[in-house]
Amino acid sequence: MTIIIEKNTIIGNSAGRYGGGVRIWVPNSDNDSVTLINNIVSNNSADLGGAGVSIRGGNGLPQYIDTIYLINNTIVNNNCTGSEGGGLHLRLGGKNNIAFLYNNIIWNNTASGGGSDIYINNDEFGDLQLSTANLYYNNFDQSAAGIYIKVPFSMDPSNLNNADPLFVDSVNGDFHLTKDSPCVGSGTSQNAPDTDIDGDSRPLYDTYDIGADEYDDEYD
């Protein structure tokens, strides 16, 4: 099974358990993959985990997904009221399970139990057969409060550390980037889509941007 969620605006939803904005757990584990690309996920809430996005990955058991791609998403201002993973909640299991996170803004999310922006359980089975999570060219809070990883690994220096994306008007739901945004020109071409959430070319200028929107000077 292949699941693709692309170019959506998911705002103002809630869940009593996991995945206020997006929750993906599937009943079949035969080479399943899920891709979230060019989505805006904002102002959602959940009680237990993944107020923005909750995905359960892994291989060998039902309800698990083998390969996960999160590319050029904007996941901001989500609130997990009771536990962990305000922005993104990933449960990964098995050494062949792999997640790719490139060019995402995961910023200004909250969670009372830790991992305000990102929560990653990379040892879901507790057997130290660690899953791989590749985090490159993202923007999120790299502090102990901002990201939780069950078996920690070093953050690649391509990731921005809790930099204000300088949106046009996030309070009123305008998540276009302004010209001074640190996310402009800070992305990678690897796995990047050809267009952004508005259908603008990616890259629109010389370099790739982080987030669902590719900077366009018409918004300045």
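Up top is the structure.
Owing to the predicted nature of the structure, the values given are computational and were not obtained by experimental measurement.

Draft legend 1. How the structure looks around the environment of Gly94. Position of Gly94 relative to the elements: it lies in the loop between β12 (88-91) and β13 (98-102). Residue class for Gly94 comes out buried when judged on its relative accessible area of 8%. Taking the C-alpha atoms as reference points, Gly94 and Leu130, 36 residues apart in sequence, are found 6.1 Å from one another.

Draft legend 2. Broad picture of the nonpolar core. With 27 residues, the main nonpolar core has Ile24, Leu36, Ile55, Ile68 and Leu90 as its most contacted residues. Ignoring sequence-local partners within four residues, the contact set of Ile24 consists of Ile3, Ile5, Val34, Leu36, Ser54, Ile55, Arg56 and Ile65. In terms of nonpolar packing, the next biggest core, distinct from the first, is built from 14 residues, Ile40, Val76, Ile197 and Ala212 among them.

Draft legend 3. Region of the structure containing the sheet that holds strand β15 (residues 110-111). Reading across from one edge, β3-β7-β11-β15 is the order of the four strands in this open sheet, with parallel pairing throughout. This sheet does not close on itself; its edge strands, each paired only once, are β3 (14-15) and β15. Bridge count for β3 against strand β7 (residues 45-46) is two bridges, and the pairing is parallel. Bridge assignment links Ser14 to a residue of β7, and that residue is Ser45.

Draft legend 4. Geometry of the pairing of strand β5 (residues 33-37). Within β5, five of the five residues are buried, which leaves the element mostly enclosed by the surrounding structure. Burial of the side chains of β5 extends over both faces: Ser33, Thr35 and Ile37 are buried on one face and Val34 and Leu36 on the other. Strand direction decides the pairing type here: strand β1 (residues 2-6) and β5, joined by five bridges, are parallel. Bridge pairing in β5 places Glu6 opposite Ile37. Sheet topology note: the β5/strand β9 (residues 67-71) ladder contains five bridges and is parallel. Bridging across to β9, Ser33 finds its partner in Thr67.

Draft legend 5. Inspection of the packing of aromatic side chains at higher detail. Summed over the entire model, instances satisfying the criterion amount to eight aromatic pairs. Centre to centre, the rings of Tyr69 and Phe100 are 5.1 Å apart; their planes meet at 10 degrees, and the pair counts as stacked. Of the two residues, Tyr69 sits in strand β9 while Phe100 sits in strand β13, which places them 31 residues apart along the sequence. Taking relative accessible area as the criterion, Phe100 reaches 16% and is therefore assigned buried. Geometrically, the ring pair formed by Phe167 and Phe175 is edge-to-face, given 5.1 Å between the ring centres and 85 degrees between the ring planes. Looking at Phe167, the relative accessible area reads 12%, which means it is buried. An aromatic cluster is built from Tyr69, Phe100, Tyr102 and Tyr136, whose rings are joined through pairwise contacts. The ring centre of Trp25 lies 4.3 Å from the NZ or CZ of Arg23, which sits over that ring. The side chain of Arg56 reaches across the aromatic face of Trp25, ending 4.8 Å from its centre.

Draft legend 6. How the structure looks around the side chain of Asp141. On the secondary structure map, Asp141 appears in the loop between β18 (139-140) and β19 (147-149). One buried charge, Asp141, has no salt-bridge partner; the nearest side chain with opposite charge is Arg91, at 22 Å. A distance of 2.9 Å separates the side chain of Asp141 from the side chain of Ser143, its partner in a polar contact. Once residues within four sequence positions are removed from consideration, Asp141 is found in contact with Ile106, Asp117, Gly146, Ile147, Asn161 and Asn162.

Scoring rules and cut-offs
Residues numbered from 1 in each chain as written. Predicted model: local features only at pLDDT ≥ 70, side-chain atom pairs only at ≥ 80, totals over all residues. Heavy atoms only, no water. Helix = DSSP H or I, 4+ residues; strand = E, 2+ residues; numbered from the N terminus. Buried < 20%, exposed > 50% of the residue type's maximum accessible area, 1.4 Å probe, protein only. Core = buried A, V, L, I, M, F, W, Y, C linked by side-chain atoms within 4.5 Å. Contact = heavy atoms within 4.5 Å. Pairing = 2+ DSSP bridges. Phe/Tyr/Trp six-rings, centres within 6.5 Å; stacked < 30°, edge-to-face > 60°. Lys NZ or Arg CZ within 6 Å of the ring centre and 35° of its normal. Lys, Arg positive; Asp, Glu negative; His and termini not counted. Salt bridge = Lys/Arg side-chain N within 4 Å of Asp/Glu carboxyl O. Polar contact = N/O pair within 3.5 Å; in protein donor to acceptor, adjacent residues only side chain to side chain.

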